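Observations on the model geometry
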Amino acid sequence: QVQLVESGGGLVQAGGSLRLSCAASGRSFSSYAMGWFRQAPGKERDFVAAINWRGDNTYYADSVKGRFTISRDNAKKMVYLQMSSLKPEDTAVYYCAAGQQPTNLVTLPAMYPNWGQGTQVTVSS
């Protein structure tokens, strides 16, 4: 099992930036890929970005490509999501999730067995 705690959410104006952090504890952090997802009110949980165990392979949803950057620091057991050029449609609760294996970057929430509690991001127009 791995425990995940997100932080860094808040209210920002359109065009602004935020950096989300996810602190991990429990089973070996470097043994699994990590992902970020988001869920807006009344909508399904959507994939945002994923990163492999080594941090040298990433994958993004088309809606955030070029604006968001996922990264990780295995020594600190941290995953980050740098968000820039934010839009009102980015408003959601953002969740980090731990995968089941180190390399494959999957987009389905069901493939991630461990989740944080989420952090709210609100982008005003």
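In this report, we go over the structure that sits alongside the text. (Residues numbered from 1 in each chain as written. Predicted model: local features only at pLDDT ≥ 70, side-chain atom pairs only at ≥ 80, totals over all residues. Heavy atoms only, no water.)

Quick word on the overall build of the protein chain
Within the protein chain, the regular secondary structure consists of zero helices and eleven strands. Counting helices and strands in the order they occur from the N terminus, the protein chain gives β-β-β-β-β-β-β-β-β-β-β. The globule rule puts the C-alpha radius of gyration for 125 residues at 14 Å, and the 13 Å found for the protein chain is close to it. Sorting the 125 residues of the protein chain into buried and exposed places 42% on the buried side. Excluding contacts between residues fewer than 6 apart, the proportion of contacts in the protein chain whose partners are at least 24 apart in sequence is 61%. Of the roughly 6,100 Å² of accessible surface on the protein chain, 49% is carried by carbon and sulfur atoms. Side-chain charges in the protein chain split into 12 positive and 8 negative, and the spacing between the mean points of these groups amounts to 5 Å. (Helix = DSSP H or I, 4+ residues; strand = E, 2+ residues; numbered from the N terminus. Rg over C-alpha atoms; globule rule 2.2 N^0.38 Å. Buried < 20%, exposed > 50% of the residue type's maximum accessible area, 1.4 Å probe, protein only. Contact = heavy atoms within 4.5 Å. Areas by Shrake-Rupley, 256 points an atom, 1.4 Å probe, with all protein chains shown as cover. Lys, Arg positive; Asp, Glu negative; His and termini not counted. Charge placed at Lys NZ, Arg CZ, Asp CG, Glu CD.)

Some words on the sheet that holds strand 1 (residues 2–7)
The strand order across the open sheet formed by four strands is 1-3-8-7, and the pairing between neighbours is antiparallel. Of all the strands in the sheet, the pair left with one neighbour each is strand 1 and strand 7 (68–73). Direction aside, the axes of adjacent strands within the sheet are offset by 15° on average. (Pairing = 2+ DSSP bridges. Axes fitted to C-alpha atoms, helices over the stretch in contact; angles between N-to-C directions.)

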